[in-house]
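In case you want the letters, here they are:
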Amino acid sequence: MSGLRSHPRFVSLEGGEGAGKTTVLRALREALEADGSEVVSTREPGGTPLAEMIRALLLDPAHEPAAAETELLLMFAARAQHVRETIAPALARGAWVISDRFTDSSYAYQGAGRGLDVAAIAELERRYVGIEPALTLLLDLDVGQGRERTRGRDLVPDRIEAERDDFFERVRAGYLERARQAPARFRVIDATRPADVVAADAVRALLAARQAA
Ligand code: T5A
């Protein structure tokens, strides 16, 4: 037992850099809104004014390099705020919440990528997050292809984008391991295919999960 509350109207999107989450999120939102549901789409780190300020601190390459532990705690500080101010109120009033990244990102990036203790991450999750999506769509893509897609988009890569490929290989492996450990929650989607095909797959997975709930 994880000790986390799983919410049927809470969905997260995960994947490495350039996996196509933004594109898929739009399709999921439209699919749910088609029958009149309220949908809150949000992102991490971020999703509230304070959490967006923490995001800026975390990603701005102009700051001194953050220790891995600092990075982890700031991700969780932003998430604690995000859950309390955005996610929980939206779920309580009956809306769907689709989050571009959630706690699995911390397991993948700070756990697998930076090598921080997974038990410590689980403890932060249990104490300060307390909730998990019922459905997590993992857009899986090889690291080179993801880089190719984001190349030239940002003049200056953010602090995490600037990491080397071996870091992102560990992140990808970390995600796939999370998916293996929680097959009922995860759907792994091959994100190498054209954007409309990936989005259609994601929408199918969401509608199937909604029907089964
Ligand atoms: N982070 C976050 C942590 O380290 N720990 C944590 O706990 C959390 C929550 C967030 C960073 O913070 C880290 C992870 C990240 O490094 P971000 O800017 O939000 O920073 O980074 P990403 O979420 O990775 O955003 P990206 O924009 O890079 O990725 P997306 O959203 O997955 O990709 P998207 O949709 O913008 O697409 C990228 C490009 O590819 C094209 C799009 O048109 C776009 O140009 N594209 C495709 N091209 C071909 N085929 C397809 N199927 C395509 N899909 C999209």
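Residues numbered from 1 in each chain as written. Predicted model: local features only at pLDDT ≥ 70, side-chain atom pairs only at ≥ 80, totals over all residues. Heavy atoms only, no water.

### As for the pattern of salt bridges
(1) Moving on: What the rule picks out here adds up to 25 salt bridges.
(2) Moving on: Where salt bridges share partners, they join Glu 71, Arg 114, Arg 159 and Glu 163 into one cluster. (Salt bridge = Lys/Arg side-chain N within 4 Å of Asp/Glu carboxyl O.)

### Examining helix α6 (residues 143–150)
(1) Moving on: Every buried residue belonging to α6 is among Val 143, Gly 146 and Thr 150, and all of these are buried. One side of α6 carries all its buried residues, which in axial view fall inside an arc of 65°.
(2) Moving on: Measuring from the backbone nitrogen of Gly 144 back to the side-chain oxygen at the start of α6 gives 3.2 Å, which picks out Asp 142 as the cap. (Buried < 20%, exposed > 50% of the residue type's maximum accessible area, 1.4 Å probe, protein only. Helix = DSSP H or I, 4+ residues; strand = E, 2+ residues; numbered from the N terminus. Arc of directions from axis to C-beta. Polar contact = N/O pair within 3.5 Å; in protein donor to acceptor, adjacent residues only side chain to side chain.)

### Focus: the site of the ligand
(1) Moving on: In the vicinity of the ligand there are 26 residues, among which Lys 21, Thr 22, Ser 106, Gln 110 and Arg 193 approach most closely.
(2) Moving on: A distance of 2.6 Å separates an oxygen atom of the ligand from a polar atom in the side chain of Lys 21.
(3) Moving on: For the ligand, a nitrogen atom lies 3.2 Å from a polar atom in the backbone of Ala 195.
(4) Moving on: Protein burial of the ligand: of its 1,000 Å² of free accessible surface, 82% is covered by the chains. (Near = heavy atom within 4 Å. Areas by Shrake-Rupley, 256 points an atom, 1.4 Å probe, with all protein chains shown as cover.)

### Some details on unusual backbone geometry
(1) Moving on: Residue Pro 45 follows Glu 44 across a cis peptide bond; omega there is -15°.
(2) Moving on: Structurally, the position occupied by Pro 45 is in the loop between β2 (39–43) and α2 (49–59).
(3) Moving on: Phi is positive for Arg 101, which is not a glycine, with a value near 80°.
(4) Moving on: Residue placement: Arg 101 occurs in the loop between β3 (96–100) and α4 (103–113).

### Here's the deal with the sheet that holds strand β1 (residues 5–15)
(1) Moving on: Pairing in this open sheet of five strands is parallel, and the strands run β2-β3-β1-β4-β5 from one edge to the other. If you trace the sheet from one side to the other, it starts and ends with β2 and β5 (186–190), each paired once. Neighbour-to-neighbour, the strand axes of this sheet turn through a mean angle of 20°, independent of strand direction.
(2) Moving on: The pairing of β1 with β3 spans four bridges and is classified as parallel. Counted as the bridge partner of Phe 10 is Val 97 from β3.
(3) Moving on: Sheet strands in contact with helix α1 (residues 21–33) are β1, β2, β3 and β4 (131–140), and its direction is about 175° off that of β3. (Pairing = 2+ DSSP bridges. Axes fitted to C-alpha atoms, helices over the stretch in contact; angles between N-to-C directions. Contact = heavy atoms within 4.5 Å.)

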